[in-house]
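# Chain and residue survey
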Amino acid sequence: MTEPAAHAPPRTLSLIGPGIVVAATGVGAGDLVATLVAGSRFGYALLWAALIGTVLKIALAEGVGRYTLASGRTVFEGWSGLPGPRLGRLNWAGAYFGLYAVVWGFVYGAAAMTASALPLTALFPALDLKTWGMISGVLGLGLVMIGGYGLFEKIMTALVGIMFVTVVGLAVLVAPDVPRLLTGVWPTLPGDSGFYVLGLIGGVGGTITMAAYGYWLAAKGWKGPAFIALMRIDNRIAYAVTGLFVVAMLIVGAELLHASGTALQSGDRGLLDLGKVLEDRFGRPVAIGFLVGFWATSFSSLIGVWQGVSLMFADFAAHLAGRAEDPAVRGPRSPAFIAYALWLTFPPMALLFIDRPFALIVAYGALGSLFMPFLAGTLIWLLNSARTPVEWRSGWISNGLLAAAAALFLVLAGREITGLL
């Protein structure tokens, strides 16, 4: 067992920390489209769902950060101690994560490269989507491999700044009806809105990279219980920013698309449709600015996964090899880290040229839909067990929010798996 390091938090509070990294990584182009579609169909009526989703993400990330800082263990070390059947050095949780990381990473790599390539293709059509996708993947790999956490955080902060200017600026440009916006704070369920309510609560900012928060805290140098108060501030600021992104896109959907009845394509390509609407209404410069923000949203998710999930995989590989305490085996320059970053980049390029096999999509969807309830459920166990010091165990508010998140994500997982089958 690793004892928490005795470090003191900085005397001056920086508003930029690992929280903005994990929050920005979790917000992808597809999440913004889902919010746009909800706004275009129901106006401001589902604003309350987006706000609840923000609160649940704060609770989940806070749980990861508190467990890591209070116990001195990574989240994978916590999973490796869960009761249940074992497979050699791994228990059921470790085996699930290993399978998930391999399958999910292969499909996600192609999806992330495609999402980053879409706005680049629209801006610079001299190269096609596949070429821009491969360039995006290699660029992300290079940034992760050549720089440490400090460079990575600076790049993520710059991308978040671009996202903020474009997304929030767009919401201001379309001139929101503030009194009508405020009516959305009160929970209502318009007809046929259940699907969108679940998506808004569960979708934005919720991915495997929430579990990487603890690894980024360590990379930042935040170690030990003394940093828990700072971590909580960092986490709340970060998810407040992503919550603002959600509200901004809901405003755009309600003001720009709802009245005109404009429909968007599903998935990332819906943002290209929005770019055309913006060009028709506000001119080419606004559309270009939006496409730059679209790229920043997509590319921040790409490099966040390339860095964060590779760290998690390196920790998994170290446990599998029985060398969990060896930093050379589990760090950002370890063979496992490099191998997983390469796995995210080059094998998925094949999927840019062919239709993704049905069986792979089913496995990807099923394993991915189960991860968030897995994270919420295991955090409840870890934060209420002897693996967390008594003074840092969860109270009724944290337990209630984590339980609500687990229940919500189980429902979403059931819907996803049913749809796949």
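Residues numbered from 1 in each chain as written. Predicted model: local features only at pLDDT ≥ 70, side-chain atom pairs only at ≥ 80, totals over all residues. Heavy atoms only, no water.

## Regarding the overall build of the protein chain
Across its full length, the protein chain carries 17 helices and two strands. The buried share among the 421 residues of the protein chain stands at 55%. Sequence separation of 24 or more characterises 83% of the internal contacts of the protein chain that already satisfy a separation of 6 or more. Here the protein chain displays about 16,600 Å² of accessible surface, and carbon together with sulfur accounts for 69% of that area. (Helix = DSSP H or I, 4+ residues; strand = E, 2+ residues; numbered from the N terminus. Buried < 20%, exposed > 50% of the residue type's maximum accessible area, 1.4 Å probe, protein only. Contact = heavy atoms within 4.5 Å. Areas by Shrake-Rupley, 256 points an atom, 1.4 Å probe, with all protein chains shown as cover.)

## A closer look at the confidence of the model for the protein chain
On average, the protein chain scores 86 in pLDDT, and the residues at 70 or more come to 90%. Taken together, the stretch residues 1-6 has pLDDT below 50 and engages in 13 contacts with residues farther than four places along the chain or on a different chain. (pLDDT = per-residue confidence, 0-100.)

## Considering the packing of aromatic side chains
This model, assessed by the stated rule, comprises 24 aromatic pairs. Between Phe76 and Phe316, the aromatic rings sit 5.7 Å apart at their centres with planes inclined by 85 degrees, giving edge-to-face as the arrangement. Linking Phe76 in helix H4 (residues 75-80) with Phe316 in helix H13 (residues 284-320), this pair joins segments that are 240 residues apart in sequence. By relative accessible area, Phe76 is classed as buried at 1%. (Phe/Tyr/Trp six-rings, centres within 6.5 Å; stacked < 30°, edge-to-face > 60°.)

## Brief notes about the side chain of Gln307
By secondary structure assignment, the location of Gln307 is in helix H13. Residue Gln307 is classed as buried on the basis of its relative accessible area, which comes to 5%. If sequence neighbours within four positions are ignored, Gln307 has contacts with Val144, Phe152, Trp216 and Phe337.

## Re the environment of Gly191
Looking at the secondary structure, you find Gly191 in the loop between helix H8 (178-183) and helix H9 (194-203). Look at Gly191 and you get exposed, because its relative accessible area is 56%. Spatially, the C-alpha atoms of Gly191 and Phe42 are 9.2 Å apart, while their sequence positions differ by 149 residues.

## Comments concerning the packing of helix H1 (residues 18-26) against helix H7 (residues 149-173)
Between H1 and H7, whose axes approach to 9 Å, the crossing angle comes to 60 degrees. In terms of their interaxial angle, H1 and H7 are classed as oblique. For the pair H1 and H7, the crossing hand works out as left-handed. Here Pro18, Ile20, Val21, Ala24 and Thr25 of H1 lie close against H7, whose contacting residues are Tyr149, Phe152, Glu153, Met156, Thr157 and Val160. (Axes fitted to C-alpha atoms, helices over the stretch in contact; angles between N-to-C directions. Parallel < 35°, antiparallel > 145°, perpendicular 65-115°, else oblique. Left-handed = near helix turned anticlockwise from the far one by under 90°.)

## Re the packing of helix H3 (residues 47-71) against helix H11 (residues 228-258)
Relative placement of two packed helices is described by the angle separating their axes and the distance separating the axes. Contact pair H3 / H11: the axes reach a minimum separation of 9 Å and the direction vectors enclose 155 degrees. Between H3 and H11, the crossing angle belongs to the class labelled roughly antiparallel. Seen along the crossing, H3 lies across H11 with a hand that is right-handed. Residues Leu47, Ala50, Leu51, Thr54, Lys57, Ile58, Ala61, Glu62, Gly65, Arg66, Leu69 and Ala70 of H3 lie in contact with H11, whose contacting residues are Ile228, Met231, Arg232, Asn235, Arg236, Tyr239, Gly243, Val246, Val247 and Leu250. Its residues assigned to classes, the contact of H3 with H11 shows 13 nonpolar, four polar and five charged. (Nonpolar A, V, L, I, M, F, W, Y, C, P; charged D, E, K, R; others polar.)

## A closer look at the side chain of Glu255
Its place among the elements puts Glu255 in helix H11. When its relative accessible area of 16% is taken as the criterion, Glu255 is described as buried. Within the local environment of Glu255, its side chain forms a polar contact with the side chain of Tyr44, the two groups lying 2.6 Å apart. With residues near it in sequence (within four places) discarded, Glu255 still touches Tyr44, Val174, Ala175, Pro176, Asp177, Arg180 and Arg281. (Polar contact = N/O pair within 3.5 Å; in protein donor to acceptor, adjacent residues only side chain to side chain.)

## Quick word on the environment of Ile233
The topology assignment puts Ile233 in helix H11. Distance from Ile233 to Gly17, taken between C-alpha atoms, is 9.7 Å for residues 216 residues apart in sequence.

## Some remarks on H11
Helix length check: H11, at 31 residues, gives a terminal C-alpha distance of 43 Å against a target of 45 Å (1.5 Å per residue), a fit within 8%. Of all the 31 residues making up H11, 23 are buried; the element is thus mostly covered by neighbouring parts of the structure. (Expected span 1.5 Å × (residues − 1).)

## Quick notes on unusual backbone geometry
You will see that Ala175, though not glycine, has its phi angle at about 60 degrees, which is positive. Given the relative accessible area of 49%, Ala175 is considered partly exposed.

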